[in-house]
Amino acid sequence: MRTDHIYSRVVVEYAEIPQLVLYIMRLDRFLSETTGMSRKEATRTLHRSEVSVNGDVVKKGAAHVPDGAEVVWNGVRLQLLGPTYLMFHKPVGCICANDDPNHMTVFSYLDLPNPDKFHTVGRLDLETSGLLLVTNDGQWSHRITSPKHGCTKVYRAQLADPVSEADVAAFAKGLQLRGDPKLTEPAELVIVGEKEALVKVNEGRYHQVRRMFAAVGNKVLELHREQVGELSLGELEPGEFRALTDAEIALF
Ligand code: URA
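What you see is a predicted model; the values in this text were computed from it and never measured.

What counts and how
- Residues numbered from 1 in each chain as written.
- Predicted model: local features only at pLDDT ≥ 70, side-chain atom pairs only at ≥ 80, totals over all residues.
- Heavy atoms only, no water.
- Helix = DSSP H or I, 4+ residues; strand = E, 2+ residues; numbered from the N terminus.
- Rg over C-alpha atoms; globule rule 2.2 N^0.38 Å.
- Buried < 20%, exposed > 50% of the residue type's maximum accessible area, 1.4 Å probe, protein only.
- Contact = heavy atoms within 4.5 Å.
- Areas by Shrake-Rupley, 256 points an atom, 1.4 Å probe, with all protein chains shown as cover.
- Lys, Arg positive; Asp, Glu negative; His and termini not counted.
- Charge placed at Lys NZ, Arg CZ, Asp CG, Glu CD.
- 1 Å grid on protein atoms, 1.4 Å probe; cavity = no way out; pocket = protein on both sides within 12 Å on 5 of 7 lines; lining within 4 Å.
- Points joined across faces, edges and corners; volume = space filled by probe spheres on them.
- Nonpolar A, V, L, I, M, F, W, Y, C, P; charged D, E, K, R; others polar.
- Axes fitted to C-alpha atoms, helices over the stretch in contact; angles between N-to-C directions.
- Parallel < 35°, antiparallel > 145°, perpendicular 65-115°, else oblique.
- Left-handed = near helix turned anticlockwise from the far one by under 90°.
- Arc of directions from axis to C-beta.

Observations concerning the overall build of the protein chain
- Secondary structure summary: the protein chain contains 7 helices and 17 strands in total.
- In terms of overall size, the protein chain is more extended than a compact globule, its C-alpha atoms giving a radius of gyration of 25 Å where 252 residues would be expected to give roughly 18 Å.
- Considered along the principal axes of its C-alpha atoms, the protein chain spans approximately 85 × 40 × 35 Å.
- For the protein chain, the proportion of its 252 residues judged to be buried stands at 40%.
- Summarising the internal contacts of the protein chain: among those between residues at least 6 apart in sequence, 61% fall at separations of at least 24.
- With an accessible surface of roughly 14700 Å², the protein chain has 52% of that area assigned to carbon and sulfur atoms.
- Measuring between centres, the 29 positive side-chain charges of the protein chain sit 7 Å from its 34 negative side-chain charges.

So, in structure tokens, the structure goes:
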């Protein structure tokens, strides 16, 4: 009878599960996670002997990659990305999508091996510039976008017509946006110049700031997001990215 043998194997493997599950990944999956290539492409790449693990060429996709192993593809070391948090200065004319046939996307500016794993934290319109966060951590971005958490975003708007104290009062009271059943949450409008204002909102409705000004009979000519929570762009130029610091990540 081999039952005892099978039984003992099961027990041993069970005891090893934490190590196996946490620290080991198949090589073909590791390749596609780190480079964005499909599993099929990964298999072909391996068959062409282009990949080494800890110095040895490995051709089998099912081979395990232990934690900390040095995986090299054509001379380039590949590494899995853990949770990643980036700040981007979105220029006008760039779109918040992973792919677009007609426009530069946020991800055209970022040289990530596997951009499909990333998303923008909320969106800015094609014509809006400013601070945009990008991450692969869905829980973190939810804390910023969910109305329940009330994270304040600050926008600077250039307007077609003068802004008035009546507008300040209307923004503070809540506005009826065309097509929306509910009034907007109270928002702060700060008059900066005759046709320039800062708007502080805690929601993220579709084209919210443009529609808020439309609701008071004005028109946004230029819109720039200056701040998300306590974060602002600082010296970051349009089209530039930088990684957030641990303290910045912990703000949300
Ligand atoms: N409100 C807008 O109208 N557009 C944006 O991009 C962001 C907020």
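Here we look at the layout of surface pockets
- Approximately 480 Å³ is the volume found for the largest pocket.
- Lining the largest pocket are 27 residues, and of these R123, L124, D125, R205 and H207 sit closest to its centre.
- Going through the elements one at a time, β11 (128–135), α4 (138–145), β12 (153–159), α6 (208–215) and β15 (220–228) are the ones with two or more residues in the lining of the largest pocket.
- The residue makeup of the lining of the largest pocket, split by class, is 14 nonpolar, 6 polar and 7 charged.

Quick notes on the environment of G229
- With respect to the helices and strands, the residue G229 is situated in the loop between β15 and β16 (231–232).
- The class of G229 is buried, set by a relative accessible area of 18%.
- Taking C-alpha positions, G229 is 19 Å from T184, a pair spaced 45 residues apart along the chain.
- Residue contacts for G229: discarding those within four places in its chain leaves C151, T152 and F252.

Considering the packing of helix α2 (residues 27–35) against helix α3 (residues 39–47)
- Taken N-terminus to C-terminus, the directions of α2 and α3 make an angle of 115°; their axes are 9 Å apart at the nearest point. Between α2 and α3, the angle falls in the class roughly perpendicular. By crossing handedness, the relation of α2 to α3 is classed as right-handed. Two secondary-structure elements touch here, α2 through L27, D28, R29, L31 and S32 and α3 through R39, A42, T45 and L46.
- Partitioning the contact of α2 with α3 into residue classes produces 4 nonpolar, 2 polar and 3 charged.

Focus: α3
- Buried residues of α3: A42, T45 and L46, and no others. Axial view of α3: buried residues confined to an arc of 95°, hence all on one face. Summarising the geometry of α3, the exposed residues directed more than 90 degrees from the buried face are K40 and H47.
- Residue S49 follows α3 closely and has a positive phi angle near 60°.

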